[in-house]
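Okay, here's what each chain looks like letter by letter:
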Amino acid sequence: MRFPVHAIPRSVASLLFAGLLLGTTGSASDSAPAGPSVSSSRSVAAVNRAAGIDARLARPQPAMAVSPARPVADRPTAPASIPQPQALLRARVAPAAAAPAATRARQAAPAHRGRNHVWIPSLGISRGLTWFSCSRSTPPGNRLYQWGCAGRNNIYVFAHAATVFRPLHDAYVSGRLQKGMKVVYADGRGRIHIYRVRYWRVVSPVGADWAYAAQSRPSMTLQTCVGARSQYRLVVRLTAV
């Protein structure tokens, strides 16, 4: 697939997909050969076994203590006076006190503020973005990056599966990654954009240029590694709300 914006050095695109995002045990030589991609309907149990992840059992909850019943008095007490319906209708309830101005201001304030920042609330991710230019040849560190090779309408965000994007990796292998998951993005001007997951694919790092190609509508792409040797790429595609 030809890149729609400008020519990308083949070595740069291959470097990102084939070698940069391997986990702590992976290397460029671990990349799988080109072939059919692994669909998002792949058995979660099979991926768990490949990733070496065991399911966790929920801990049992302690039993609730029950207080002993109080003995009933032998002598009945005199009944309290019961208000008549007319008296209840005439009763007025005092209006609730208005919230302080500072509290109202906090409630009205937006939940997300910043520049070049990504929030994934369901995964507990809140990270600033570091620009990763299309011509960069040094490997990425333990940061959340926005890749400069992506086409128009495609905010391409990637990170290591062993560190920054560990929650995304774990959500996939445990089956908790869901369509509709919300991602909040603050651009360089501080404008807030909302994206939601449409689909995801697990693919070989070879021949995956479709992932960073231009899109017809505002989109975001998340990428990290999966597999026992970090030999596959998890590509998550989102579109703007």
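The rules behind the values
- Residues numbered from 1 in each chain as written.
- Predicted model: local features only at pLDDT ≥ 70, side-chain atom pairs only at ≥ 80, totals over all residues.
- Heavy atoms only, no water.
- Pairing = 2+ DSSP bridges.
- Helix = DSSP H or I, 4+ residues; strand = E, 2+ residues; numbered from the N terminus.
- Axes fitted to C-alpha atoms, helices over the stretch in contact; angles between N-to-C directions.
- Contact = heavy atoms within 4.5 Å.
- Disulfide = S-S within 2.5 Å.
- Buried < 20%, exposed > 50% of the residue type's maximum accessible area, 1.4 Å probe, protein only.
- Salt bridge = Lys/Arg side-chain N within 4 Å of Asp/Glu carboxyl O.
- Core = buried A, V, L, I, M, F, W, Y, C linked by side-chain atoms within 4.5 Å.
- Phe/Tyr/Trp six-rings, centres within 6.5 Å; stacked < 30°, edge-to-face > 60°.
- Lys NZ or Arg CZ within 6 Å of the ring centre and 35° of its normal.

This part is about the sheet that holds strand β4 (residues 154-158). Read around the closed barrel, the eight strands follow the order β1-β2-β3-β4-β7-β8-β6-β5; overall the barrel is mixed. Between one strand and the next, the sheet's axes are offset by a mean angle of 35°, whatever the strand orientation. Pairing geometry for β4 and strand β7 (residues 219-226), over five bridges, is parallel. Each residue of the ladder has a partner; that of V157, found in β7, is L222. Along the sheet face, helix α5 (residues 166-173) touches β2 (125-132), β6 (192-203), β7 and β8 (232-240) and points at about 80° away from the line of β7.

Another point: the state of the cysteines. Going through the model one piece at a time under the given rule, you end up with one disulfide. One disulfide in the model links C134 with C149; its S-S distance is 1.9 Å. On the S-S bond that ties C134 to C149, the torsion sits near 90°, and the link is right-handed. Residue C134 is located in the loop between β2 and β3 (144-147), and its partner C149 is located in the loop between β3 and β4; the two are separated by 15 residues in the primary sequence. Note on C134: relative accessible area 12%, which makes it buried.

When we look at burial in α5, the residues that qualify are L168, H169, A171, Y172 and V173. At the C-terminal side of α5, G175 shows a positive phi close to 85°.

In total, this model carries two salt bridges according to the counting rule given. In this structure, the salt-bridge partner of D170 is R166, at a minimum N-O distance of 3.0 Å. Here D170 and its partner R166 are both found in helix α5, four residues apart, which amounts to about one turn of the helix. Among the residues examined, R166 registers a relative accessible area of 40% and is labelled partly exposed.

In this sheet, β6 lies alongside strand β5 (residues 182-186) in antiparallel orientation, the contact comprising five bridges. Bridging across to β6, V184 finds its partner in I194. Hairpin connection, β5 to β6: the antiparallel pair is bridged by five residues, and G190 has positive phi, about 85°. Pairing of β6 with β8 involves eight bridges; the strand directions are antiparallel. If you follow R196 over to β8, its bridge partner there is T239.

Let us now look at the nonpolar core. If you look at the biggest cluster of nonpolar residues, it comprises 29 residues, and the most contacted ones within it are I120, F165, L222 and V236. When contributions to this core are tallied by element, the ones reaching two or more residues are β1 (117-120), β2, β4, α5, β5, β6, β7 and β8. Excluding residues that lie within four positions of it along the chain, L222 makes contacts with I120, V157, F165, L168, V183, L234, V235, V236 and L238.

To continue, consider unusual backbone geometry. The phi angle at N153 is positive, at roughly 60°, despite the residue not being glycine. Topologically, N153 is positioned in the loop between β3 and β4. Overall, the relative accessible area of 25% leaves N153 in the partly exposed class. Here the phi dihedral of S230 falls at roughly 55°; this positive angle occurs in a residue that is not glycine. Mapped onto the fold, S230 is located in the loop between β7 and β8.

In β3, alternate side chains face the same way, and those of L144 and Q146 on one face and Y145 and W147 on the other are all buried. Judged from the four bridges that link them, β2 and β3 form a sheet pairing that is parallel. Following the sheet pairing, L129 is matched in β3 by L144. Where β3 lies against β4, two bridges are found, and the strand directions are antiparallel.

This paragraph deals with the packing of aromatic side chains. As enumerated under the stated definition, the model contains five aromatic pairs in all. When the ring of Y145 is compared with that of F158, the centres are 5.4 Å apart and the planes differ by 20°; the resulting orientation is stacked. Taken together, the residues Y145 in strand β3 and F158 in strand β4 connect sequence positions 13 residues apart. One aromatic cluster is present, built from ring pairs that chain together F132, Y145 and F158. Positioned above the aromatic ring of W210, the side-chain terminus of R201 is 4.8 Å from the ring centre.

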